[in-house]
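Single-letter residue listing:
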Amino acid sequence: MVASLSGAQIRQAFLDFYAAKGHKILPSASLVPEDPTVLLTIAGMLPFKPIFLGQRDAEVPRATTSQKCIRTNDIENVGKTARHHTYFEMLGNFSFGDYFKEQAIAWAWELSTEVYKLPPDRIVPSVFEEDDEAFAIWRDKIGIPEHRIQRMGADDNFWASGPTGPCGPCSELYYDFHPEKGDDKIDLEDDARFIEYYNLVFMEYNQDSEGNLTPLQNKNIDTGMGLERMAQILQGAPNNYETDLIFPIIETAAKIADIKYKKSKAKTKTSLKVVGDHVRSVVQMIADGITASNVGRGYVLRRLIRRVVRHGQLIGIDGAFITQVAETAIASLEVAYPEVRDREKIIKTELEREEAQFLKTLNRGEKLLGEMMAKKPKQISGKEAFDLYDTYGFPLELTQEIAAEQGLTVDEDGFTKAMKEQQDRGRSAHKTIDLTVQSALEQLAATVHPTDFLGYTDFSAKAKVVALLVKGETVESAKAGTEVQIALDQTPFYAESGGQIGDRGYLNGKDVVVRIEDVQKESNIFIHYGRIERGTLKKGDKLTAQIDLACRRQVQAHHTATHLLQAALKNIVDESIGQAGSLVAFDRLRFDFNYNQAVSPEQIQEIETQINTWIAEAHATETEVMPITEAKAKGAVAMFGEKYGSEVRVMDVPGVSMELCGGTHVKNTSEIGLFKIVAEVGVASGVRRIEAIAGPAVLDYLNVRDAVVRDLSDRFKAKPEELPERITTLQTDLKTAQKQLDALKAQLALVKSEQLLDQAKPAGEVKVLVSQLEGVDSESLKTAAERLLQKLGEGAVVLGSVPAEGKVSLVAAFSPKVIEQGLQAGKFVGAIAKQCGGGGGGRPNLAQAGGRDPSKLADALADAQNQLLAQLQ
């Protein structure tokens, strides 16, 4: 009998099992990966990619994790199959050059049969068809009968990181739901009978560009067990969704919709499953600092939120509901991921805002579909249906249903084609983790030791050139005038990280001088970007590395001020505020934070006062390296999404601020001098940005402002304190004069227009008047058209004007009899405007439009008159 365990118990049992086998339990990495080639963390091994590539040494020989992952390449299968998800947890055990194949298989078997109590006769292992070693281990060490060990081809059982690089065979463990069918014809592709629950990757080869395999010096183990799949097995559920990991969310959604999951039809169950899956994804993404947008990760988040809302509507939920299901997800996830509860307010605020915005978007989508059908097409095209689906969240079924009410069909094949094109684009971005995407800089990690950073205490140091690159390619030497990238064995230069930019300075040798403009970090190797100003630089040269002290002092002032700013925001605005990004430069600082409304001017003033008070109080700062658990216990603030090692550097302003930070800082807050906020703006949904300056930069800022004030005082002959009142008076006078001018323009337009009445041409029971008024703005043109129509009684008036160079204004005013004959002012004037390189529209009786080509206005008006006369006579 299998063990009956909750999802949380399954997770903990896995971690505890491998911890007892000498593995270090590591926390899940953020969904925002360090790897720039991958949009989201899509596999349990991704955080260890630099170790597998040899770019970074492993801190421990064995590790085990429960890694949160998100994949959206098969999003359309979510809810329709038993096992597809966007969010899932991958339980993994990893060996970095320690144990290998025999031990990994033995422990996988022990975990499966002794901890999870899976009956041995229900486990079917597969091996790569050429991996006789793994086959023998399963047969001879574990005791699996030969006929039950399935040899599979490379597509199924050989893992490769990319076209070149680390690779190796796999052994997968399958659970048999129907052992009564016997062993005669085992088909692991039969999803109804078998489920793969554990994958063991034996990373033992390196593959070159010609496909040749050579054994790795250090062989690695990379495994993955799907938590949701194991929950399905141990809880006896018919699918992953009906486990305690997801089903409580489904039940919450069903309760809101006032339906019963078990009694629902298949389509309703699918929608409930989509809600259950996607809500877990969006909660974890927002908790990791991702905000909804139209690009990158933000687009993935927005799309998932909109699918939740759309499927909520499909099951009969009318109105907002997403925060209710999110609360159920948070309650389930907080056991393993306490940050989701810590950031509950931010998560729910982001979800509320996106939901409200999308409900409005859905209404616009309904309106757009109505406009499509108003054109009386034979069919709604596949592209139009897909645009409604992708942009406005309209499912194909809803578009078909509404279209059918109007006697229209939808091009389903065209929709499917557009959908497939998007899925192909998604799969190309998510299909694999390519460990081989490396630049020459990244490849240095294989031959160059990590740089020894001395810059916390030393500002000048002797150093040796261990690598020299020009345009990304390694070279032995470079001459004066060449842009170079230099790796040193040790350096006082800070490399850009944690928002702080790299140091500037010089490298000086006996006959060579290199000016350094930037320093970046690649796999713990500090790359100095600069230009050789004199002499020839060679690999192996010994130099003196000297940072620019003035720049360092400025960046230190800005960095410590950034910490004070976060502390002040938490004290004055909202304790739950968390950092969403930062820039610490020589001349300014920028701090992004999660908050759903503008910080008021009064709060800005209070923040400035608080920070300058802390500066004046001359607090001594303290830095200390300690275990991350100790740092968090002391209350040190960590940035969400930032990856930290087992030991961290803590920067403490006692009684004011304590943060995990590897940057450089002042020794006393008095060194900052002054602090001034120069801007507070919104940069994304739910994200605000404060830009500020500190130290000498404040003096530069004030000097510029003082010069401007002096100039204005001279111009207005007023004292500085009198300027606001003087400017207000001038603005009032200007508005009054503008109103008078507009009134005169309108009167002039009316006078000019009255002279046009004699040009009106009869057309049946109405009159048509089309003409051009010179130098009349759009508002006056509209007034003139309305007056002329009033004078004509029943008729159609179209007027055009060129109010400014490169600008055309058009207006159409139609009486009821004209509209009765099938003409609408909005559609008519919009079509005429296109002839002038523009467009527009409005109501059936009155509409305005514009264009950019005045040379076409006369012909366009002539065409308008001909059309009106032809259609109305």
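Residues numbered from 1 in each chain as written. Predicted model: local features only at pLDDT ≥ 70, side-chain atom pairs only at ≥ 80, totals over all residues. Heavy atoms only, no water.

**Focus on the packing of aromatic side chains**
Put simply, the rule reads: Two rings from Phe, Tyr or Trp (for Trp, the six-membered ring) form a pair when their centres are within 6.5 Å of each other. A pair whose planes differ by under 30 degrees is stacked, one over 60 is edge-to-face, and the rest are tilted. Numbered from the N terminus, helices here are DSSP runs of H or I no shorter than four residues, and strands are runs of E no shorter than two. Partly exposed residues are those whose accessible area sits between 20% and 50% of the maximum for their type, while under 20% is buried and over 50% is exposed, using a 1.4 Å probe and protein chains only. Geometrically, a charge over a ring is one whose NZ (Lys) or CZ (Arg) sits within 6 Å of the ring centre while staying within 35 degrees of the ring normal.
Throughout the structure, instances matching the rule amount to 22 aromatic pairs. Centre to centre, the rings of F48 and F94 are 4.6 Å apart; their planes meet at 50°, and the pair counts as tilted. Note that F48 is positioned in the loop between β1 (24–25) and α2 (49–52) and F94 in strand β3 (residues 87–96), a separation of 46 residues in sequence. In this structure, F48 and F94 share a single accessibility class: buried. Taking the centre distance of 4.8 Å and the plane angle of 75° together, the rings of Y99 and W107 count as edge-to-face. Exposure class is identical for Y99 and W107. Each is buried. Members of the aromatic cluster, joined through ring pairs, are F14, F17, Y18, Y99, W107, Y197 and Y198. Across the ring face of F135, the terminal group of R151 is positioned such that the distance to the ring centre comes to 4.2 Å. Its guanidinium or amino end placed over the ring of Y456, R649 lies 3.6 Å from that ring's centre, counting from NZ or CZ.

**Overview of the sheet that holds strand β26 (residues 647–653)**
Hydrogen bonds between backbone atoms are what pair the strands of a sheet, whose relative direction is either parallel or antiparallel. So the rule is basically this: Pairing between two strands requires that DSSP report at least two bridges joining them. A fitted line through C-alpha atoms represents every axis, and for helices the fit uses only the stretch in contact; the resulting angles, taken between N-to-C directions, go from 0 to 180 degrees. Note on contacts: a residue pair is in contact if any heavy atoms of the two residues lie within 4.5 Å.
Ordered in space as β25-β26-β27, the 3 strands form an open sheet in which the pairing is antiparallel. The open sheet has two edge strands with one neighbour each: β25 (622–627) and β27 (657–660). For this sheet the average axis-to-axis angle between neighbouring strands, irrespective of direction, equals 25°. Its contacts with the sheet put helix α17 (residues 549–572) on β26 and β27, and the angle it makes with β27 is roughly 115°.

**A closer look at a negative patch on the surface**
For clarity, the threshold we go by: A patch consists of residues whose relative accessible area exceeds 30% and which take part in no salt bridge; residues with like charges are grouped when within 9 Å of each other, and nonpolar side chains (Val, Leu, Ile, Met, Phe, Trp, Tyr) when within 5 Å. Accessible surface is estimated by sampling points in the Shrake-Rupley manner with a 1.4 Å probe; for residues, cover comes only from the protein chains shown. Salt bridges are counted wherever a side-chain nitrogen of Lys or Arg sits within 4 Å of a carboxyl oxygen of Asp or Glu. The sign given to each residue is positive for Lys and Arg and negative for Asp and Glu; His and the chain ends receive no count. By convention, the point assigned to a charge is CZ for Arg, NZ for Lys, CD for Glu and CG for Asp.
A cluster of like negative charges, contributed by D155, D156, D187 and E189, occupies part of the molecular surface. Checked against the element boundaries, D156 lands in helix α5 (residues 154–157). Using a relative accessible area of 37% as the deciding quantity, one classes D156 as partly exposed.

**Some words on the sheet that holds strand β28 (residues 675–684)**
If you walk across this open sheet you meet the 4 strands as β23-β24-β29-β28, and the pairing is antiparallel. In the strand order of this sheet, the two ends are held by β23 (579–584) and β28, each with one partner. Neighbour to neighbour, the strand axes of the sheet diverge by 15° on average, direction disregarded. Those strands touched by helix α18 (residues 601–616) are β28 and β29 (687–694), and its axis lies near 135° from that of β28. Helix α20 (residues 696–716) rests against β28 and β29 of the sheet, and its axis sits at about 90° to β29.

**Considering helix α7 (residues 247–257)**
Given 3.6 residues per turn, any residue in an α-helix points the same way as the ones three and four places further on. Listed as buried for α7 are F247, I249, I250, T252, A253, A254 and A257. On its buried side, α7 packs onto α8 (266–287) and α10 (322–333). Once α7 ends, the next one or two residues include D258, with phi positive near 60°.

**Focus: the confidence of the model for the chain**
Threshold: The score called pLDDT rates the predictor's confidence residue by residue, from a low of 0 to a high of 100.
Per-residue confidence for the chain gives a mean pLDDT of 88; residues scoring 70 or more make up 95%. Residue range residues 434–438 is modelled with pLDDT below 50. Its contacts to residues more than four positions away, or to other chains, number 21 contacts.

**As for the nonpolar core**
Selection criterion: Take the buried residues of types Ala, Val, Leu, Ile, Met, Phe, Trp, Tyr and Cys, join any two whose side-chain atoms come within 4.5 Å, and each joined set is a nonpolar core.
Of all hydrophobic cores here, the largest spans 89 residues; its most connected members are Y116, L118, Y197 and Y198. If one sorts the elements of this core by residue count, α8 sits on top with 9 residues. Judged by nonpolar contacts, the second largest core, of 31 residues, contains I577, M651, F675 and I677.

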